[in-house]
Amino acid sequence: MSAVVVTGTQWGDEGKGKIVDYLAQQADTVVRYQGGSNAGHTVSVKGEEYKLRLLPSGILYKGTHCIVGNGVVVDPKIMLEEMDAMTARGIDVAGIRLSNRAHVVLPYHCLMDGIGDESRGKNKIGTTKRGIGPCYMDRDNRIGIRVCDLMDKDEFAKRLKENLVIKNNELEKLYNHEPLDYKEMLAEYEGYAERLRPYVCDTIALLNDEINAGKKILFEGAQATMLDIDYGTYPYVTASHPISGGVGVGAGVAPKKIDKVVGVVKAYCTRVGEGPFPTEQLNAVGDKLREAGHEYGTVTGRPRRTGWLDACVVRYAGLLSGIDYMAITRLDILDGFDEIRMCTGYKYKGELLHEIPASLKVLAEVEPVYETFPGWKQDISGIRDYAELPENTKKYLKRMTEVTGIALGIVSVGPNRDQTIIIARDIF
Ligand code: GDP
Ligand code: IMO
Ligand code: MG
């Protein structure tokens, strides 16, 4: 039995796609358990770049099962576009399995995500406008439409009609928006249903059978700890549970079946969208990080906010997800820095805090306590052996393990699959 979760420890875009693709070499199955097409996971192999939104980052391996679990909110149009794009590049998509219990993102979800967020004015979250929040809202309000409903022509027609009455009412009365056309939407989604039908199944049974048969399963988190609906910087969060606990409900796998958790840690910090970010650098350092790292969003193209590594946040992620190993990514981006800083504590009104504050007001006012490290000023992107990393790099990594209390598992020094230093040999 071997089930490994890969989860983001910061505010997303840590390089989960790269780490999942690397570990997927050994996996039989890769599973997405939450989120939707708000995710943008990049996988680079031999200079070829693949941007994945709904498809698990195991898709490049022929024969690997790629499960989109029940906890994912699925935009069928985007999923099919991704499948077509993969097929056009010679990638076999036959291993995809879509949960019959996953909720379907419909056009009104995307529309309402956009108008709803803008209507918050200065309090807007800066969502990706992919309909994620509104789709989960419908699920929790028990009016959602699931993949099994989409597969049933009559049921889908009935539910869509009922929902459109509610949604068009809201659109017209709340947002002064013209109503959406039922017949047009029905026809469009009936088309998607037929194309997706061969991939739909009960992924819970499939996955549990595979686990019981001793297969190697990789769970791919989207978003990250600080965007978790309960544990992140609420309300500036996404609408699902990226932490490892999300696997239980999002894939239908009991917590006791999880063997290991890998937390992906970008060697510095970024955030897209609004909300507190204690180590943000609104200065030349931040600009340098953005330019050196080409920090612009995969999904929306927005410039990412940048700052120093916040080890307090990573320690918190370790606690919440039970992280066994850190996978440090984008360490090479720091190659050109004379000095590098790491936040190892927060001060609030002169007192050292021991927890991440729940109150956003407090979090916005904390003063990061920094430790400064000399840069290594050397290109590390060609290094494949931990022992060969410069001493200053190792000092920075060692301090990370001390402050977070988490062991090093993987160090990534470039986007490509082979630009990876493996330290822990027992992840699977
Ligand atoms: P994800 O959402 O966590 O999968 O991360 P994204 O794919 O949105 O953003 C991470 C970016 O960093 C992608 O462009 C990756 O190709 C790239 N990347 C991943 N690991 C490394 C690394 O170690 N070094 C460099 N330079 N780029 C990396
Ligand atoms: P990956 O998987 C970075 C952010 C959005 C916004 C907030 C809520 O690529 O790491 P949503 O559309 O989810 O309701 O937006 O969450 N966000 C992400 N930021 N990486 C992501 O995914 C994100 N998915 C959502 O920018 O602030
Ligand atoms: Mg991303």
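Residues numbered from 1 in each chain as written. Chains lettered and ligands numbered in written order. Predicted model: local features only at pLDDT ≥ 70, side-chain atom pairs only at ≥ 80, totals over all residues. Heavy atoms only, no water.

**Notes on the overall build of the protein chain**
The test is simple: Helix and strand assignments come from DSSP, with helices taken as H or I runs of at least 4 residues and strands as E runs of at least 2, each series counted from the N terminus. Think of it in three bands: with a 1.4 Å probe and only protein chains considered, a residue is buried below 20% of the maximum accessible area for its type, exposed above 50%, and partly exposed in between. For the area figures, the Shrake-Rupley method with a 1.4 Å probe applies, and any residue is considered shielded solely by the protein chains shown. Positive residues here are Lys and Arg, negative ones are Asp and Glu, while His and the chain termini are left out of the count. Where a charge lies is defined by one atom per residue type: Lys uses NZ, Arg uses CZ, Asp uses CG and Glu uses CD.
Helix and strand counts for the protein chain stand at 13 helices and 20 strands. In terms of overall dimensions, the protein chain has a C-alpha envelope of 65 × 50 × 40 Å along the principal axes. Residues classed as buried in the protein chain amount to 57% of the 428 residues present. With the model as given, the accessible surface of the protein chain reaches about 17600 Å², and the carbon-plus-sulfur share is 50%. In the protein chain, which carries 54 positive and 59 negative side-chain charges, the distance between the mean positions of the two groups comes to 1 Å.

**A word on the environment of Asn70**
Condition: It only takes one pair of heavy atoms within 4.5 Å for two residues to be counted as in contact.
Note on placement: Asn70 falls in the loop between strand 5 (65–68) and strand 6 (73–74). Judged by its relative accessible area of 14%, Asn70 is buried. In this structure the C-alpha to C-alpha distance between Asn70 and Thr225, which are 155 residues apart in sequence, comes to 20 Å. Every residue in contact with Asn70, bar those within four places of it in the chain, is listed here: Ser99, Arg101, Ala102, His103, Thr203, Ile204, Val249, Gly250, Ala251 and Gly252.

**Some remarks on the site of ligand 2**
This is how it is decided: Working definition: residue near molecule or strand if any one of its non-hydrogen atoms lies within 4 Å of it. Under this definition, polar contacts are N or O atom pairs within 3.5 Å; protein pairs additionally need one hydrogen-donor-capable and one acceptor-capable atom, and for neighbouring residues in sequence, both atoms have to be side-chain atoms. Polarity classes work like this: nonpolar for Ala, Val, Leu, Ile, Met, Phe, Trp, Tyr, Cys and Pro, charged for Asp, Glu, Lys and Arg, and polar for all others, with Gly in that last group. For every domain, the bounds stem from an assignment made automatically or drawn from a database.
Around ligand 2 there are 20 residues in total, and Lys16, His41, Thr128, Gln223 and Thr238 lie nearest to it. Between ligand 2 and Gly126, the relevant distance is 3.4 Å, taken from an oxygen atom to a main-chain nitrogen or oxygen of the residue. Considered class by class, the residues forming the shell around ligand 2 number seven nonpolar, ten polar and three charged. Here the shell around ligand 2 gathers at least three residues from each of two domains, domain 1 (2–93 + 202–422) and domain 2 (103–198).

**Overview of the coordination of the magnesium ion (ligand 3)**
Let me state the cut-off plainly: Metal coordination here is assigned from N, O and S atoms located within 2.8 Å of the ion, or within 3.2 Å for Na, K and Ca; omission of water means that sites may look incomplete.
Distances from the magnesium ion (ligand 3) to its protein donors, namely Asp13 (OD) and Gly40 (O), fall within the range 2.0 to 2.2 Å. Pair noted here: Asp13 is in the loop between strand 1 (2–8) and helix 1 (16–23) and Gly40 is in the loop between strand 2 (29–32) and strand 3 (41–45), with a separation of 27 residues, a long-range link.

**A short note on the site of ligand 1**
Taken together, 19 residues sit near ligand 1, with Lys16, Thr42, Arg330, Asp332 and Ser412 positioned nearest. Between ligand 1 and the protein, one listed contact pairs an oxygen atom with a side-chain N or O atom of Ser412 at 2.5 Å. In isolation ligand 1 has 590 Å² of accessible area, and contact with the protein removes 92% of it. Every element with two or more residues in the shell around ligand 1 is listed here: helix 1 and strand 3. Counting residues per element, the shell around ligand 1 draws most heavily on helix 1, which supplies three residues. Of the residues contributing to the shell around ligand 1, the split by class is three nonpolar, nine polar and seven charged.

**Side note on the pairing of strand 16 (residues 339–348)**
For a regular strand, side-chain orientation follows a simple rule: the groups alternate between the two sheet faces. As a reminder, the rule being used: Should DSSP find at least two bridges between two strands, the strands are taken to pair.
Examined bridge by bridge, strand 14 (residues 309–310) and strand 16 share two bridges and lie parallel to one another. Opposite Asp310, over in strand 16, you have Cys343 as the bridge partner. Here strand 16 pairs with strand 18 (residues 367–374) via eight bridges, running antiparallel. Its bridge partner being in strand 18, Glu339 is matched across the sheet by Pro374. Hairpin remark: strand 16 followed by strand 17 (residues 351–353), antiparallel, with two residues in the connecting loop; positive phi at Lys349, about 50 degrees.

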